[in-house]
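As a plain string of letters, each chain reads:
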Amino acid sequence: MTTTRDRLAGVLELTRPVNALVAGLLTFIGAFVAVGASVFDPGPATNAAGAVAATILAAAAGNAVNDYFDRDIDRINDPDRAIPRGAVSPRGALVWSVVLFVGAAAAAVFLPLLAIGIAAFNLLSLVFYTTFFKGTPGFGNLLVAYLGGSTFLFGGAAVGNAETSATLFALAALSTTSREIIKDVEDIDGDREEGLTTLPVAVGERRALLVAAGALGLAVLASPVPYFTGTFSVIYLLAVAPADAVMAYAAYESFSNPTASQSRLKYGMFLAAGAFIVGRAVVAFG
């Protein structure tokens, strides 16, 4: 018998709270990279807070609705999740996701027009991804990659300077493309069972991993751009080097151990975000 405590735990689990909070942090990083110390001034701080709240709620909503549509696959790939184990009903998960989406829209409504446009597009993309594009070879991965990278772009747009966050957005999108493909390789058995034509199912695991490695390679090659354009100093270049090394190794490791590779890649992405923070901090406070 499912208790009230089990249901509440299941509802919270649906949101992937740690992932949602990390998405909010990335939005704040995008705002900081865009305007530096000015992000703590009253006007930008208010906009940044609204963007962070909208991101957290939207990410939570996307996770919940994804679990709703993936409930049959999860019975194979991850039976301990909230819906397959019976902690939350499919209808309950759907209603909860709608509540979170409405909260995200309310948090974003007073932001600059570009930020509102990004938020609206992202909310629609989250819904269309889970309903139409999740099993589309390549395209689903690219859409998730855009959504992941757009947290930085959204943060920059919220404080009126999306251009400075654009490079970070591009690097995050490329890295996320690679990670999503590697995750699809992990889940290939369950996806085949459900008839999903993901990239590894369509072209084979090795070819899919080559695409993932190529995307990571582009991210590593593009990472010095803020230094060469004069946006950040050589300190950024030194800070981003460990992130590049971790991501390059993750690409190599993916061919023998996709599970460890995608986990390592996550750390590389955090290191890269940290390098951008260091680069902006040196400019802002140096």
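In what follows, the structure referred to is the one given above.
Residues numbered from 1 in each chain as written. Predicted model: local features only at pLDDT ≥ 70, side-chain atom pairs only at ≥ 80, totals over all residues. Heavy atoms only, no water.

> Quick question: what am I supposed to make of the overall build of the chain here?
Along its length, the chain carries 14 helices and 0 strands. Ordered by position in the sequence, the α and β elements of the chain form the string α-α-α-α-α-α-α-α-α-α-α-α-α-α. Expected size for 286 residues packed as a compact globule is a radius of gyration near 19 Å; at 19 Å, the chain falls within 12% of this value. When its C-alpha atoms are laid out on the principal axes, the chain stretches across 60 × 45 × 30 Å. Looking at the chain residue by residue over its 286 residues, the buried ones come to 45%. Considering only intrachain contacts with a sequence separation of at least 6, the fraction spanning at least 24 residues in the chain is 73%. Element-wise, carbon and sulfur atoms account for 66% of the exposed surface of the chain, whose accessible area totals about 13,200 Å². (Helix = DSSP H or I, 4+ residues; strand = E, 2+ residues; numbered from the N terminus. Rg over C-alpha atoms; globule rule 2.2 N^0.38 Å. Buried < 20%, exposed > 50% of the residue type's maximum accessible area, 1.4 Å probe, protein only. Contact = heavy atoms within 4.5 Å. Areas by Shrake-Rupley, 256 points an atom, 1.4 Å probe, with all protein chains shown as cover.)

> How should the pattern of salt bridges be read in this particular structure?
Side-chain pairs of opposite charge can arise where the charged atoms are in close proximity. Tallied over the entire structure, the rule returns 8 salt bridges. Residue Asp 67 pairs with Arg 16 through a salt bridge whose shortest N-O separation is 2.7 Å. In this pair, Asp 67 sits in helix H3 (residues 42-69) while Arg 16 sits in the loop between helix H1 (4-14) and helix H2 (17-35), placing the two residues 51 residues apart along the sequence. In this pair, the class of Asp 67 matches that of Arg 16, namely buried. With a shortest N-O distance of 3.4 Å, Lys 183 and Glu 180 are connected by a salt bridge. (Salt bridge = Lys/Arg side-chain N within 4 Å of Asp/Glu carboxyl O.)

> What is the right way to look at the nonpolar core in this model?
Soluble globular proteins: nonpolar side chains tend toward being buried together. One finds Phe 101, Leu 111, Ala 115, Ile 118 and Phe 154 to be the most contacted residues of the largest nonpolar core, which totals 25 residues. Listing elements by their share of this core, those giving two or more residues are H3, helix H5 (90-108), helix H6 (113-133), helix H7 (139-158) and helix H8 (162-186). For Leu 111, the residues in contact, after removing those within four places along its chain, are Asn 47, Gly 50, Ala 51, Ile 116, Phe 154 and Ala 158. One finds Val 33, Leu 168, Val 240 and Phe 276 within the second-largest nonpolar core, a separate group that totals 13 residues. (Core = buried A, V, L, I, M, F, W, Y, C linked by side-chain atoms within 4.5 Å.)

> Which parts of the structure should I look at to understand the packing of H2 against helix H14 (residues 258-285)?
Angle between the axes and distance between the axes are the two parameters that describe a pair of packed helices. Their axes nearest at 9 Å, the elements H2 and H14 cross at an angle of 30°. Accordingly, the angle class assigned to the pair H2 and H14 is roughly parallel. Like other packed secondary-structure pairs, H2 and H14 cross with a definite hand, here left-handed. Contacts from Val 22, Ile 29, Phe 32, Val 33 and Ala 34 in H2 reach Phe 270, Ala 273, Phe 276, Ile 277, Arg 280, Ala 281 and Phe 285 in H14. (Axes fitted to C-alpha atoms, helices over the stretch in contact; angles between N-to-C directions. Parallel < 35°, antiparallel > 145°, perpendicular 65-115°, else oblique. Left-handed = near helix turned anticlockwise from the far one by under 90°.)

> Looking at this structure, how should I read a negative patch on the surface?
On the surface, Glu 186, Asp 187, Asp 189, Glu 193, Glu 194 and Glu 205 cluster together into a patch of negative charge. You can see Glu 205 is positioned in helix H11 (residues 205-222). For Glu 205, a relative accessible area of 37% translates into the label partly exposed. (Patch = residues over 30% accessible without salt bridge, like charges linked within 9 Å, V, L, I, M, F, W, Y side chains within 5 Å. Lys, Arg positive; Asp, Glu negative; His and termini not counted. Charge placed at Lys NZ, Arg CZ, Asp CG, Glu CD.)

> Help me out: how do you make sense of the packing of H11 against helix H13 (residues 234-253) in this one?
Viewed as axis vectors pointing N to C, H11 and H13 meet at an angle of 165°, and their least axial separation amounts to 9 Å. Put simply, H11 runs roughly antiparallel to H13. You can see that H11 and H13 cross each other, and the crossing is left-handed. Residue-level inspection shows Ala 213, Leu 216 and Val 220 of H11 in contact with H13, the latter providing Asp 244, Met 247 and Ala 251. Considering only residue class, the contact of H11 with H13 consists of 5 nonpolar, no polar and 1 charged. (Nonpolar A, V, L, I, M, F, W, Y, C, P; charged D, E, K, R; others polar.)

> I keep staring at the side chain of Asn 141 and nothing clicks. Help me out?
With respect to the secondary-structure elements, Asn 141 resides in helix H7. Accessibility expressed as a relative area gives 5% for Asn 141, which makes it buried. Among all residues touching Asn 141, those that are not within four sequence positions of it are Thr 177, Glu 180, Ile 181, Asp 184 and Leu 199.

> In this structure, what is going on with the packing of aromatic side chains? I would like to understand it.
Both the distance between ring centres and the angle between the ring planes are used here to describe each pair of aromatic rings. Within the structure shown, the criterion is met by 9 aromatic pairs. When the ring of Phe 28 is compared with that of Phe 40, the centres are 6.0 Å apart and the planes differ by 50°; the resulting orientation is tilted. Of this pair, Phe 28 sits in helix H2 while Phe 40 sits in the loop between H2 and H3; the two residues are 12 residues apart in sequence, bridging distant segments of the chain. Ring geometry for Tyr 236 against Phe 276: centres 5.2 Å apart, planes inclined by 70°, an arrangement best described as edge-to-face. Here Tyr 236 is found in helix H13, whereas its partner Phe 276 is found in helix H14, with 40 residues between them in sequence. Among the aromatic side chains, those forming a connected cluster through ring pairs are Phe 121, Tyr 146 and Phe 169. (Phe/Tyr/Trp six-rings, centres within 6.5 Å; stacked < 30°, edge-to-face > 60°.)

> Would you take a moment to explain the environment of Ala 243 for this structure?
Here Ala 243 lies in helix H13. Linking Ala 243 and Thr 176, residues 67 residues apart in sequence, is a C-alpha distance of 14 Å. In contact with Ala 243, other than residues within four places in its own chain, are Gly 268, Leu 271 and Ala 272.

> Explain H7 to me, please; I cannot follow it from the model alone.
Residues spaced three or four apart along an α-helix face the same direction, because each turn holds 3.6 residues. With 20 residues, H7 extends 27 Å from end C-alpha to end C-alpha; this agrees with the ideal 28 Å at 1.5 Å per step. Maximum bend of H7: about 40°, positioned at Ser 150. Of all 20 residues that make up H7, 17 are buried, and the element is covered over most of its length. With its phi angle positive at about 85°, Gly 160 sits one or two positions after the end of H7. (Expected span 1.5 Å × (residues − 1). Bend = angle between axes of the 7 residues up to and from the residue.)

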